[in-house]
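Chains, contacts and geometry: an overview
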Amino acid sequence: METTSQAVAQTPAAEDGQQTPSARRTVDGYLRAPFPWYGLDEAFTGPRWLMQVGTTADGAVEHGSIGHGDEPSVRNEYAAGGDLESKEKFAVVVTVAANPSRRTADGTGLLEATSVSSAAWLAGVGLLSFTWPGQMDHALRDDWLEQQTETAWVLADDLDGADWSTLSLPVDGVPTAFHYRESEFGWVLAGSTSAGVHVGAYGRGMSAYGLGFAVVKDIAAYA
């Protein structure tokens, strides 16, 4: 999937793990999307916040993420003296426009089709972007992240494989089947909606089993 930014994977963070001011996203990109955004349904009453949109080379918005719960940060959990589960509780919902394979605006190239696998990959990479395994320094984490990103793609490309199970969750009140997997770093899921988008999600510290998804009625309210 050819995009100029890849969801939260490119969100900058300071050395102490706190987001830098440039990481605070505005609502402008979300408003340009020709598709509806999804978030957790009204059963979730905690904080909600915008993250980042991804665009094609010609500037069309193709996907984006909305956070729920604690705003996650990249930090060395081992050095912080705690485990991944105890630090932050969050769930991020990734919305991906359901597009067929199509030509670029200038007609010189071909954009890949988006699918449930696209949502699964973006969710997997998003979780990795806020993960720092214990006892790992900066240099090693770069290599680790590259390796794990490739693994996330392989997993997303095989949603019927043994690494995934099926989880039924409500989408706009309708039970919907999702592909679901867990790892030591958190969970990832992905599925499709009847609204012309694919939905991915990832999280840590919040169980995926009780979640529900719904169209965001007013994305500007998140700004």
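Values in this document were obtained by computation on a predicted structure and should not be read as measured data. (Residues numbered from 1 in each chain as written. Predicted model: local features only at pLDDT ≥ 70, side-chain atom pairs only at ≥ 80, totals over all residues. Heavy atoms only, no water.)

Take the overall build of the protein chain next. Helix and strand content of the protein chain: four helices and 11 strands. The buried share of the protein chain, taken over its 223 residues, is 51%. Carbon and sulfur atoms make up 50% of the accessible area of the protein chain, which amounts to about 10,500 Å² in all. (Helix = DSSP H or I, 4+ residues; strand = E, 2+ residues; numbered from the N terminus. Buried < 20%, exposed > 50% of the residue type's maximum accessible area, 1.4 Å probe, protein only. Areas by Shrake-Rupley, 256 points an atom, 1.4 Å probe, with all protein chains shown as cover.)

The next subject is the environment of Asp218. Secondary-structure assignment places Asp218 in the segment after strand 11 (213–215). What makes Asp218 partly exposed here is its relative accessible area of 43%.

All right, on to the side chain of Asp41 then. Relative to the elements of secondary structure, Asp41 occurs in the loop between strand 1 (38–40) and strand 2 (48–55). An unpaired buried charge is present at Asp41: no salt bridge exists, and Arg48, the closest side chain of opposite charge, is 5.9 Å distant. Those residues in contact with Asp41, other than ones at most four positions away along the chain, are Arg48, Gly212, Phe213 and Ala214. (Lys, Arg positive; Asp, Glu negative; His and termini not counted. Salt bridge = Lys/Arg side-chain N within 4 Å of Asp/Glu carboxyl O. Contact = heavy atoms within 4.5 Å.)

On to the nonpolar core. In terms of nonpolar packing, the biggest core is built from 58 residues, with Tyr30, Trp37, Leu189, Tyr202, Phe213 and Ile219 touching the most fellow members. Sequence-distant contacts of Leu189, defined by excluding residues within four places in its chain, comprise Ala123, Leu167, Leu169, Phe178, His179, Tyr180, Val199, Gly200, Ala201, Ala208 and Phe213. (Core = buried A, V, L, I, M, F, W, Y, C linked by side-chain atoms within 4.5 Å.)

With that settled, consider unusual backbone geometry. Backbone geometry places Asp172, a non-glycine residue, at a positive phi of 55 degrees. Here Asp172 shows up in the loop between strand 7 (165–171) and strand 8 (174–183).

So, on to the layout of surface pockets. Estimates place the volume of the second largest pocket at around 200 Å³. Lining the second largest pocket, in full, are Leu40, Asp41, Glu42, Arg48, Ala214, Val215, Val216, Lys217, Asp218 and Tyr222. Along the lines of polarity and charge, the residues of the lining of the second largest pocket split into five nonpolar, no polar and five charged. (1 Å grid on protein atoms, 1.4 Å probe; cavity = no way out; pocket = protein on both sides within 12 Å on 5 of 7 lines; lining within 4 Å. Points joined across faces, edges and corners; volume = space filled by probe spheres on them. Nonpolar A, V, L, I, M, F, W, Y, C, P; charged D, E, K, R; others polar.)

With that out of the way, let us pick up the confidence of the model for the protein chain. Counting all residues, the mean pLDDT for the protein chain is 79, and 73% of those residues have values of 70 or more. With pLDDT under 50 throughout, residues 1–24 is counted as low confidence; its partners more than four residues away or in other chains account for 62 contacts. When the criterion is pLDDT under 50, residues 76–86 qualifies, and its contacts beyond four places in sequence or with other chains add up to 19 contacts. (pLDDT = per-residue confidence, 0-100.)

Time to look at a negative patch on the surface. A cluster of acidic residues, Asp142, Asp143, Glu146 and Glu150, forms a negative patch at the surface. Structurally, Asp143 is set in helix 4 (residues 138–156). (Patch = residues over 30% accessible without salt bridge, like charges linked within 9 Å, V, L, I, M, F, W, Y side chains within 5 Å. Charge placed at Lys NZ, Arg CZ, Asp CG, Glu CD.)

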